[in-house]
Amino acid sequence: MGNSKKKKENIILHIDMDYFFAQIEERENPQFKGKPVVVGADPKEGKGRGVVSTCNYEARKFGIKSGMPISRAYKLCPQAIFLPVNMQLYKRVSRAVFQIAQKFSSKMERVSLDEAYIDLTGRVGSYKEARREGEDLRKIVFEKERLTCSIGVSKNKMMAKIACELAKPDGIRIITPVQAAKTIASMKVETIPGIGPKTRQFIEKKLKKKDPQIRDALVFSKSELADFFGKRGEEFYYKLRGIDKSPVEEKKEAKSVGKEHTFQKDTRDAKMIIKVFKRLVGDVHSQVKDKKINGLTVVCRYEDFETHTKQISFDAGKYTEEFLYKKSISLLLKFLTQSNKKIRLIGFRVKIA
Ligand code: DCP
Ligand code: CA
Ligand code: CA
């Protein structure tokens, strides 16, 4: 086990696909390239209801934006190509992109169909190396999917996302730890996640200054901000300084969570098998303890590689480790009694409801 006391430098990468839905439509229909493309509700010659999901950069030149009523978009640019949302296609592309991204670090947090954080901490030794990883990721996504994306790299999630915004479109931007606070100083306070128009107006009043920059808000002490905004205030204090402690949290797409153990040597030592199994149940439970689950599976692979599973289902709910263990241990014991073969691997997984 690596027991180095030296603290590893945090390196977080943020990837965001460029004009995602519209870019996919361009890829599928090369004749659209260079023309304004709007994905969203049917404009029905200006009478349509619903909104713009997104549009390409040509359409943005006309002032069209995500979330805008489709009727307004039609007024701004009636000659644009208006397309319905083909969510199935976008989901498929999203999965393909994340599959590529996942190869760069298994610690990946998806935040939307087109956006994810990837924790490179410990995987790359420097920001120089991180830039190369980011460049590789962009290249592979383009080679495999024919789509451009933008990438930001910095010391935490907030700064990586800000770097990505600066890189957009079709670019990469690195903000090293020493550059972080300085880079955001001249940005507007609303750049900070959690600071919206209302919070900004409050800050404007306190500072007696319109459209304050982040550097203007540095005059507030931690306790002042806590007085103004409660718990969020303390967070703002750090975020205004480029500090964000929120971890990259892997959100598994898989509807089940499980763990396996392969024994060093094939075995029938019940005591040892049960001990390992108990640990597997504990590990899995700690991952799902605030999730509702509705079933469990025990896996057993014998020495000849024959693999069997036994499962039970129950009502969806949150369950204790004891409950999961009680329910599953009998299944495990059956594997031991139904055959005299030695066991090579055992596994335990639960189904997320
Ligand atoms: N989306 C949507 N409705 C919104 C915003 C977004 O349906 N109000 C969808 C369409 C976008 C996708 O989510 O393609 C990703 O959203 P982004 O905010 O990342 O915007 P884009 O990827 O379209 O453009 P950008 O190049 O600015 O990232
Ligand atoms: Ca995007
Ligand atoms: Ca996005």
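The structure displayed is predicted, hence computed values, not measured ones. (Residues numbered from 1 in each chain as written. Chains lettered and ligands numbered in written order. Predicted model: local features only at pLDDT ≥ 70, side-chain atom pairs only at ≥ 80, totals over all residues. Heavy atoms only, no water.)

## Some remarks on helix α4 (residues 87-102)
So the rule is basically this: Starting at the N terminus, helices and strands are each numbered in turn, a helix being any DSSP run of H or I of at least four residues and a strand any DSSP run of E of at least two. In this scheme, a helix's expected span is set at 1.5 Å multiplied by one less than its residue total. Relative accessibility decides the category of a residue: with a 1.4 Å probe and only protein chains considered, values under 20% of the type maximum give buried, values over 50% give exposed, and everything between is partly exposed. Arc definition: directions from the helix axis to the C-beta atoms. Pairs of residues are marked as contacts when any of their non-hydrogen atoms sit within 4.5 Å.
Its 16 residues give α4 an end-to-end C-alpha distance of 22 Å, which sits within 8% of 22 Å, the value for a rise of 1.5 Å per residue. Those residues of α4 not exposed but buried are Leu89, Tyr90, Val93, Ser94, Val97, Phe98, Ile100 and Ala101. Looking straight down α4, one finds that the buried residues subtend no more than 160° of arc, so they occupy a single side. Away from its buried face by more than 90 degrees, α4 exposes Gln88, Arg92 and Gln99. Buried residues along α4 sit in contact with β1 (12-17), α1 (20-28), β2 (37-40), β5 (108-112), β6 (115-119) and α5 (127-145).

## Focus: the environment of Arg123
Filter applied, for reference: A 3.5 Å cut-off defines polar contacts: any pair of N or O atoms within that distance qualifies, except that in protein one atom must be a possible hydrogen donor and the other a possible acceptor, and neighbouring residues in sequence count only when both atoms are side-chain atoms.
Within the secondary structure, Arg123 is located in the loop between β6 and α5. In the structure, Arg123 is positioned 115 residues away from Lys8 in sequence and 9.8 Å away in space, judged by C-alpha atoms. What Arg123 contacts, discounting residues up to four positions off in sequence, is Phe104, Ser105, Glu129 and Glu133. A distance of 3.4 Å separates a polar atom in the side chain of Arg123 from a polar atom in the side chain of Glu133.

Fair warning: the whole summary comes from geometry, so function is off the table for now.
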